[in-house]
Amino acid sequence: MLLDQVKLDIETWERAGTHRTATQGDKATDRWLREEIARCGQAPLTINYEFERLDIEACRVEIGELEIPAVPMFDAVPGRAEGVLGDQIELVQYHATDQHPATLAFKRARHASTCAAMIAVGVEPSPRFALLNAEGYRERSNPPVVQVAGEHWAALKQAQAQGAKAKVVCDAQFTPTFATNIECRIDGRDAGAAPLIVMTPKSSWWTSTAERIGGIAIWLHLLRLFADQAPRRGLIFTANSGHELSHLGLDHFLAANTDRLSDAHLWLHLGANFAARDSGVRIQASTPHLMERLSGALADQALKFSATPVAERPAGEARNIYDLQGDFISLLGSNPWFHQDDDHGARVLDLAKLQSICHGITELIQSVADA
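Residues numbered from 1 in each chain as written. Predicted model: local features only at pLDDT ≥ 70, side-chain atom pairs only at ≥ 80, totals over all residues. Heavy atoms only, no water.

**Remarks on the packing of helix α5 (residues 209-228) against helix α10 (residues 351-369)**
Then comes step 1: Contact pair α5 / α10: the axes reach a minimum separation of 10 Å and the direction vectors enclose 45°. When the axes of α5 and α10 are compared, the pair comes out oblique. The handedness of the crossing between α5 and α10 comes out as right-handed. On α10, the residues touching G214, A217, I218, H221, L222, L225 and F226 of α5 are L354, I357, C358, I361, T362, I365, Q366 and A369.
Then comes step 2: Considered class by class, the residues forming the contact of α5 with α10 number eleven nonpolar, four polar and no charged. (Axes fitted to C-alpha atoms, helices over the stretch in contact; angles between N-to-C directions. Helix = DSSP H or I, 4+ residues; strand = E, 2+ residues; numbered from the N terminus. Parallel < 35°, antiparallel > 145°, perpendicular 65-115°, else oblique. Left-handed = near helix turned anticlockwise from the far one by under 90°. Contact = heavy atoms within 4.5 Å. Nonpolar A, V, L, I, M, F, W, Y, C, P; charged D, E, K, R; others polar.)

Listed below in structure tokens is the structure:
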């Protein structure tokens, strides 16, 4: 991996701004990826699927003179509500990760709630929003739920203790449009050999540089490499939207390629956060043999990592492949800026770590592609 090229990729990614599905930033990323595929002498494919984008007009919490900015929970129905805080308006905490105890408790409270609206406050005290992925985007439910930054927890708890009234304003509408996946298919030397599928998300809540650029950078590196040196096996590259919305783009890819799923030799999932500074790397694989190969590839680069047990359902888009009983290897990580709007800039990245991971993954994928 050439660091100069990676730095250019990072600059282009960041210029797009917010990468939420089917927004202008997501469309800018589409244009860039198509240009890079064409520059490699390959044919880019833009795959559209029907999508309802949540367009936010106003979102806040009002308590007397206090006005707190908020962001809708994207799998809740928008609306307005007013009532006593802690009674008609429920106050709960959550964390940006799905399996955090606070998030699990929030999900239980949401399922059981009979209130008019909910205010969900980030567990970590931060001036930034740390949004939760909308796992129920297809089945949006009542009541309205808004997310606010963790720094407001103390003020909200004090207002609740005083029996204050709160007003939740969540004015938004779902706009019918199209979302996109970007694909490229590189022929191998042996047309009868089962292909490799390389997938990474291209959408996120914010700029999300530490979250997404590791996957995007290695996806592009492998694309450039194999476009120049055709391996024995063909490769299918897919960069999917809808990551933050229950993996809508990957689900569309899977539905549109049912004939290829059973044929795939291996799926490489380039997931979130593994390029983040001051963070851990986690690996996942469908079999002990693949786990051994993946762990060996990273150990050869002197990288430290943890591993999801093979029998456990993995995180990220790898879970979709696990559910289909496909063979996969997967990279994830932790991220101090996870789902926050300040996840951008050079300070959030560890380029030396990214380069080492890329070397290990490239050697492994080259070996598999030529086997």
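**A closer look at unusual backbone geometry**
Then comes step 1: In this structure, the amide linkage connecting N142 to the following residue, P143, adopts the cis form with an omega of 0°.
Then comes step 2: Among the secondary structure elements, P143 is positioned in the loop between β6 (117-122) and β7 (145-148).
Then comes step 3: The phi dihedral of H247 is positive, around 65°, even though this residue is not glycine.
Then comes step 4: As for its placement among the helices and strands, H247 is situated in the loop between β10 (235-240) and α6 (248-256).
Then comes step 5: The phi torsion at Q325 lies on the positive side, around 60°, for a residue other than glycine.
Then comes step 6: Relative to the assigned elements, Q325 resides in the loop between α9 (318-323) and β14 (328-333).
Then comes step 7: Judged by its relative accessible area of 74%, Q325 falls in the exposed class. (Buried < 20%, exposed > 50% of the residue type's maximum accessible area, 1.4 Å probe, protein only.)

**Structural notes on the pairing of strand β5 (residues 89-94)**
Then comes step 1: As paired elements, β5 and β6 share six bridges and run parallel to each other. Along β6, the bridge assignment pairs V92 with A120.
Then comes step 2: Note that the unit made of β5, helix α3 (residues 101-112) and β6 has a crossover that is right-handed. (Pairing = 2+ DSSP bridges. Right-handed = clockwise from strand over helix to strand, strands pointing away.)

**Structural notes on the side chain of R53**
Then comes step 1: If you trace the backbone, R53 turns up in strand β1 (residues 45-63).
Then comes step 2: Engagement of the side chain of R53 in a polar contact is seen with the side chain of D55, the distance being 2.7 Å.
Then comes step 3: The residues contacting R53, other than those within four sequence positions of it, are T21, A22, T23, Y137, Q173, F174, T175 and T177. (Polar contact = N/O pair within 3.5 Å; in protein donor to acceptor, adjacent residues only side chain to side chain.)

**Section: helix α8 (residues 288-299)**
Then comes step 1: Counted at 1.5 Å a residue, the expected span for α8 with its twelve residues is 16 Å, and the 16 Å between its end C-alpha atoms agrees.
Then comes step 2: Restricting attention to buried positions, one finds in α8 the residues L290, M291, L294, A297 and L298. One side of α8 carries all its buried residues, which in axial view fall inside an arc of 130°. Exposed residues pointing more than 90 degrees away from the buried face of α8 are listed as P288, H289 and E292.
Then comes step 3: The elements touched by buried residues of α8 are β11 (266-270), β12 (281-285), β13 (306-307), β14 and α10. (Expected span 1.5 Å × (residues − 1). Arc of directions from axis to C-beta.)

**Observations regarding the nonpolar core**
Then comes step 1: Counting 55 residues, the largest nonpolar core has I218, W219, L223, F226, F237, I329 and L331 as its most contacted members.
Then comes step 2: Among the elements that make up this core, the one with the highest residue count is α5 (eleven residues).
Then comes step 3: Apart from residues lying up to four places away in sequence, I329 is in contact with L266, W267, L268, H269, Q284, A285, L290, L294, L364 and I365. (Core = buried A, V, L, I, M, F, W, Y, C linked by side-chain atoms within 4.5 Å.)

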